[in-house]
Amino acid sequence: MSSALQAQLFTGPALRRAPSIFDAGSNGNLRHVRVSRTKFGLIRAVVNSDQNKSTAETATKSLNAKDVNGSLLVGSSTSKEEGLIDVKAVITIRKKMKEKLIEKVEDQWELFMNGIGQGMTMQLISEEIDPVTNSGKSVESAVRGWLPKPSNSSHFNIVEYEANFTVPSDFGNPGAILITNLLGKEFYLVEIVVHGFDEGPFFFPANTWIHSRKDNPESRILFKNQAYLPSQTPLGIKDLRREDLLSIRGNGKGERKPHNRIYDYAIYNDLGNPDKDKDLARPILAGEERPYPRRCRTGRPPAKTDPRYESRVEKPHPVYVPRDETFEEIKQNTFSAGRLKAVLHNLIPSIAASLSSSDIPFTCFSDIDKLYNSGFVLKDDEQKQREKQFLGGLMKQVLSVGDRLLKYETPAVIKRDRFAWLRDNEFARQTLAGVNPVNIELLKEFPILSKLDPAIYGPPESAITKELIEEELHGLSVEKAIEEKRLFILDYHDLLLPFIEKINSLPNRKAYASRTVFFYNKAGMLRPLAIELSLPPKPSSPRNKHVYTHGHDATTHWIWKLAKAHVCSNDAGIHQLVNHWLKTHASMEPYIIATHRHLSSMHPIYKLLHPHMRYTLEINALARQSLINGGGIIEASFSPGKYAMELSSAAYKSLWRFDMEALPTDLIRRGLAVEDPSMPCGVKLVIEDYPYAADGLLVWSAIKEWVEAYVAHFYSEPNSVTSDFELQAWWDEIKNKGHYDKRDEPWWPKLDTKEDLSGIITTMIWIASGQHAAINFGQYPFGGYVPNRPTLMRKLIPQENEPGYEKFILNPQHTFLSSLPTQLQATKVMAVQDTLSTHSPDEEYLGQVNQLHSHWINDPEVLKMFNKFSAKLEEIENIINKRNKDFHLKSRCGAGIPPYELLLPSSGPGVTGRGIPNSISI
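Residues numbered from 1 in each chain as written. Predicted model: local features only at pLDDT ≥ 70, side-chain atom pairs only at ≥ 80, totals over all residues. Heavy atoms only, no water.

Regarding the overall build of the protein chain
Counting its secondary structure elements, the protein chain contains 27 helices and 25 strands. Residues classed as buried in the protein chain amount to 60% of the 922 residues present. Excluding contacts between residues fewer than 6 apart, the proportion of contacts in the protein chain whose partners are at least 24 apart in sequence is 72%. Put simply, the protein chain shows about 37200 Å² of open surface, and 53% of that area lies on carbon and sulfur atoms. (Helix = DSSP H or I, 4+ residues; strand = E, 2+ residues; numbered from the N terminus. Buried < 20%, exposed > 50% of the residue type's maximum accessible area, 1.4 Å probe, protein only. Contact = heavy atoms within 4.5 Å. Areas by Shrake-Rupley, 256 points an atom, 1.4 Å probe, with all protein chains shown as cover.)

Quick look at the structure:
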């Protein structure tokens, strides 16, 4: 490169507009420092916060240390004679795998700009303080090289560039890098590796989008992969640590732009769309009446018709999430741009177009079987453009003449035994080993009592009487059964009854508040004894509670089937709206926001939590846009309809407690486990053959052991937890902002000791990984067969004095099938369940590290701990596989019984019914 061009580059806007940094002056006051290059040399302008004046010092001495590569030594008084070190930084960038022509042209322009040193600049910041400037020593260089150097990596879309520096021998170790993107568009930075220092190489993991300077003039701050508590931060990078966190928090004003990486809170006031249709208005979820966790703030303007609501962004336009939270390209292709969009935007409208003219119930069971065997034709004018958007997995497409044929894979629940769903033992088994195994409780008292206001909802006593139960117990008394811990209950009465009248006023929706009592016999089998279905009391029908048992005659048998279907429908709604959406997706979002706002990327707890936050904000934003919104898929497909999110809020109000989200604590609360210090997790299961709990405790124990070792490694000093101001601010904000409506609850754990911290972090990681996996990835395997798990019911059970009773007697199968979702409703929800049960090819599983994240921490002891954790999970996988072959465990092994694999840690892509991703990524 010519000296004239070098001179132009190093006096051009790239270096004249060098980044600002903050440092502490000798008196401890914060100073704003801007470094710039002038014809007189290097100028450091300092504005003191306590003095309304500015001073400038010329650091011409440092120019003597300018290297032949044109790098600048910033804030250094070292002369050339004192010794210099040649340093090289290797910058790894990931390009798109599939580029459009215009993007390829832009790539060539970027290569040229990087080649002449005008693509990006880097400033290397030392961990050591310069005594002259009282801030970190620094040196700056342009990133250059005419062509990117191919990476040794197997990833073809990874390219590397170099930047060369010359630094004084007393520069110290680098601790941070400021990088400025001079190009017109963002790029994805994987990492920077600095070579040339005696203690190097030094790794600066990034895995982040670097915004263009035209979008934001501030440089991005990257820290090396050394974990530091705030008090341990080297002086040279202490102010940068604070500045980076301040930039992430933003100022709480304005609408967020796609390039922003700002994390802040907002209430759920974006689910309704009153501007489009007043019938799409939905209550705001926040406050005492309808409490809810907070979501990520987008700053969109208020709705025109009601300023209390945030205006909607409808598909295909994206909802804002911080830039690094968006799906990566593989995930976008699989879900956002490909399969998820295909399902929400293309497939479901196609299904509607095919079936809406005859939105009829299934008339016989063979109609349902055809979905898997023959498929059905989708009428779609745009099929040729769309057919490639539907990827493999459980939805298969076969093209017929002129039309598209949609086929579903046979769900696991009927794959081995088509009629298993009819049996009582399978109905009961799924409360322990199904997709929603977290609601069954030990029945501890009799009679069963409601906690609802009797003035509104009638007498609190259940209609399930002692006499009725004892008829089913064949000589065993209720008292003895309770004493022996053999009676269990699935109780949705109090949560649902306040909503039943509203739900039943919706067209083609009919529901009850349900209770189901089970008996655990000495053969180790759980079986249902009685089902109570309740309606709100009315003067005209004070007898609002009906109790059903399995019976032996044909009529009773069919009514019992209908009662079980209503219970399954309730279970499906509670599962989706409470256990899945609320307790994992929505509750996790504030933890993620607070982590980014208060824990520096250098913080050891940030590094520990980082893999467990991947994609969650993006999938939640997509859900608010298309799934849980007013008129969305959940309202269309599940019993509560337009009241779905109000029900979710009611559950948050009455049921959600952070301290009860830990698996052992939850099991003890539900009476499914008792404390036992001799057991690995400190608890013993009441039902040993409880696959979710038995496997879950193995995973929980492994997470707990890993977290405790990690926390103890970094918090070895007394009071190190209480003195960590970033950590304390993080926990305070989770309680007082993220879960604002629960801020005054007395049950929030304290954060005083490393034991407190380990418990909190273990719970968060469990929720993001094991808990979400257990209740998400079985949705299609169990719900893909509509009669097994209807998401809504359209009729109440016919009573003897009602007109429909005679039709029921003449054709009970028709009554049963016409009570289930229609063909359109069923096929819609099957498409969504299939999508939500799918692992992306870029899924990152518990105990595994992405190859591109291999330098996540520079700590051999921590890496040994993590390897031990990974080995433990492999061992757990072997244990689970053995359990699935143990015929003594009847809930997971037997004729036609699908093995319980939802908590097997590893999986391949697609709908596998197994695998624990690190995070809530779908």
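So that's the structure; there's more coming.
As for helix 4 (residues 235-249)
Given a rise of 1.5 Å per residue, 15 residues ought to cover 21 Å, and the 23 Å separating the end C-alpha atoms of helix 4 matches this to within 8%. Along helix 4, the residues that are buried comprise G236, I237, D239, L240, R241, E243, D244, L245 and I248. Of the residues trailing helix 4, G250 is marked for its positive phi of about 70°. (Expected span 1.5 Å × (residues − 1).)

Looking at the packing of aromatic side chains
Tallied over the entire structure, the rule returns 32 aromatic pairs. Judged by centre distance (5.7 Å) and plane angle (80°), the ring pair of W731 and W748 falls under edge-to-face. Taken as a pair, W731 in helix 21 (residues 725-738) and W748 in the loop between helix 21 and helix 22 (754-776) lie far apart in primary sequence, 17 residues in all. Note on accessibility: W731 and W748 belong to one class, buried. A centroid spacing of 5.8 Å and a plane angle of 55° characterise the contact between Y805 and F808, whose relative ring orientation is tilted. Here Y805 and its partner F808 are both found in helix 24 (residues 804-810), three residues apart, which amounts to about one turn of the helix. What makes F808 buried here is its relative accessible area of 2%. Here the basic side chain of K561 rests over the ring of W558, its NZ or CZ set 3.5 Å away from the ring centre. If you follow K742 out to its NZ or CZ, it ends over the ring of Y652, 5.2 Å from the centre. (Phe/Tyr/Trp six-rings, centres within 6.5 Å; stacked < 30°, edge-to-face > 60°. Lys NZ or Arg CZ within 6 Å of the ring centre and 35° of its normal.)

Topic: the sheet that holds strand 20 (residues 487-491)
In space, the five strands of this open sheet follow the order 19-20-21-22-23, with antiparallel pairing throughout. The open sheet has two free edges, formed respectively by strand 19 (441-442) and strand 23 (545-548), since each of these has just one partner strand. Alignment of strand 19 against strand 20, held across two bridges, turns out to be antiparallel. Bridging from a neighbouring strand, L442 pairs with F488 of strand 20. Running at roughly 155° to strand 22 (residues 526-534), helix 11 (residues 466-473) makes contact with strand 20, strand 21 (513-520), strand 22 and strand 23 of the sheet. Those strands touched by helix 13 (residues 493-504) are strand 20, strand 21, strand 22 and strand 23, and its axis lies near 155° from that of strand 21. (Pairing = 2+ DSSP bridges. Axes fitted to C-alpha atoms, helices over the stretch in contact; angles between N-to-C directions.)

Brief notes about the pattern of salt bridges
Scanning the model with the defined rule gives 50 salt bridges in all. Between E310 and R300 there is a salt bridge, with the nearest N and O atoms lying 3.1 Å from each other. Here the residue E310 occupies a position in the loop between strand 15 (295-296) and helix 5 (329-355), and R300 occupies one in the loop between strand 15 and helix 5, the gap between them amounting to ten residues. Residue E310 is classed as buried on the basis of its relative accessible area of 7%. Counted as one network, the salt bridges with shared partners bring together D270, R295, R300, E310, E589 and R624. (Salt bridge = Lys/Arg side-chain N within 4 Å of Asp/Glu carboxyl O.)

Overview of the nonpolar core
Core analysis: the largest hydrophobic core is formed by 175 residues, its most contacted members being I605, Y690, Y692, W706 and W730. For this core, the element with the most residues is helix 14 (residues 554-598), which contributes 20 residues. In this structure W730 touches Y591, A594, T595, H598, L599, L609, L751, L757, I760, I761 and M764, once residues within four positions along its chain are discounted. Counting residues in each nonpolar core, the second largest holds 28 residues, with I91, V159, A206 and L222 among its members. (Core = buried A, V, L, I, M, F, W, Y, C linked by side-chain atoms within 4.5 Å.)

As for helix 25 (residues 812-819)
When you tally the buried positions in helix 25, you get six out of eight residues, the bulk of the element. Within the sequence span of helix 25, burial applies to P812, T815, F816, L817, S818 and S819. On its buried face, helix 25 is in contact with helix 6 (365-373), helix 14 and helix 24.

Notes on the confidence of the model for the protein chain
Confidence along the protein chain averages 85 in pLDDT terms, with 83% of residues attaining 70 or more. Here residues 1-81 scores under 50 on pLDDT; set against residues more than four positions off or in separate chains, the count is 184 contacts. Predicted confidence is poor over residues 336-342, with pLDDT under 50, and the contacts of this stretch with residues over four places away or in other chains come to 30 contacts. (pLDDT = per-residue confidence, 0-100.)

Observations concerning the side chain of T208
Checked against the element boundaries, T208 lands in strand 12 (residues 202-210). Dropping the residues within four chain positions of it, T208 is found in contact with F187, Y188, L189, R220, L222 and D324.

Examining unusual backbone geometry
Apart from glycine, the bulk of residues carry a negative phi angle, and the bulk of peptide bonds sit in the trans form. Here the residue pair G200 and P201 is connected by a cis peptide bond, since its omega of 0° sits within 30 degrees of zero. Position of P201 relative to the elements: it lies in the loop between strand 11 (187-195) and strand 12. Cis geometry is found at the peptide bond from F446 to P447, where omega equals 5°. Take P447: it is sitting in the loop between strand 19 and helix 10 (454-457). With a phi close to 60°, N134 is a non-glycine residue in the positive phi region. Along the polypeptide, N134 turns up in the loop between strand 7 (120-129) and strand 8 (136-150). One non-glycine residue, N719, lies in the positive phi region at around 65°. In this structure, N719 sits in the loop between helix 20 (691-714) and helix 21.

Quick notes on the packing of helix 21 against helix 22
Put simply, helix 21 and helix 22 touch, their axes get as near as 13 Å, and they point 55° apart. Taken together, the axis directions place helix 21 and helix 22 in an arrangement best described as oblique. Seen from above, helix 21 lies across helix 22 with left-handed handedness. On the side of helix 21, the interface is formed by L727, W730, W731 and I734, while helix 22 contributes L757, I760, I761 and M764. (Parallel < 35°, antiparallel > 145°, perpendicular 65-115°, else oblique. Left-handed = near helix turned anticlockwise from the far one by under 90°.)

Things to note about the environment of E618
Within the fold, E618 resides in helix 16 (residues 616-626). What makes E618 buried here is its relative accessible area of 12%. When the C-alpha positions of E618 and Y320 are compared, they lie 8.3 Å apart, and in sequence the two are 298 residues distant. Not counting residues up to four positions away in its chain, the partners in contact with E618 are V321, E325, T326 and F327.

Focus on a nonpolar patch on the surface
Taken together, the side chains of L101, I102 and V105 define a hydrophobic patch exposed on the protein surface, amounting to about 330 Å² of accessible area. Take V105: it is sitting in helix 3 (residues 101-115). (Patch = residues over 30% accessible without salt bridge, like charges linked within 9 Å, V, L, I, M, F, W, Y side chains within 5 Å.)

Thoughts on the packing of helix 13 against helix 18 (residues 644-654)
Remark: helix 13 packs on helix 18, axes separated minimally by 10 Å, with the N-to-C direction vectors making an angle of 160°. Looking at the two axes, helix 13 sits roughly antiparallel to helix 18. Crossing hand, helix 13 versus helix 18: right-handed. On helix 18, the residues touching L495, L496, F499 and K502 of helix 13 are E646, L647, A650 and A651. Of the residues belonging to the contact of helix 13 with helix 18, the class tally is six nonpolar, no polar and two charged. (Nonpolar A, V, L, I, M, F, W, Y, C, P; charged D, E, K, R; others polar.)

Looking at the environment of F197
By the secondary structure assignment, F197 is in the loop between strand 11 and strand 12. Sequence separation of F197 and N173 is 24 residues, and the distance between their C-alpha atoms is 7.3 Å. In contact with F197, other than residues within four places in its own chain, are V87, L124, V167, F171, G172, P174 and F202.

Overview of the pairing of strand 13 (residues 220-223)
Side chains R220 and L222 project from strand 13 onto one buried face, and the interleaved I221 and F223 project onto a second face that is buried too. Where strand 10 (residues 174-181) lies against strand 13, four bridges are found, and the strand directions are antiparallel. If you follow I177 over to strand 13, its bridge partner there is L222.

Digging into the environment of I922
Here I922 is to be found in the segment after helix 27 (860-883). Judged by its relative accessible area of 1%, I922 falls in the buried class. For the pair I922 and S840, spaced 82 residues apart in sequence, the C-alpha to C-alpha distance is 8.7 Å.

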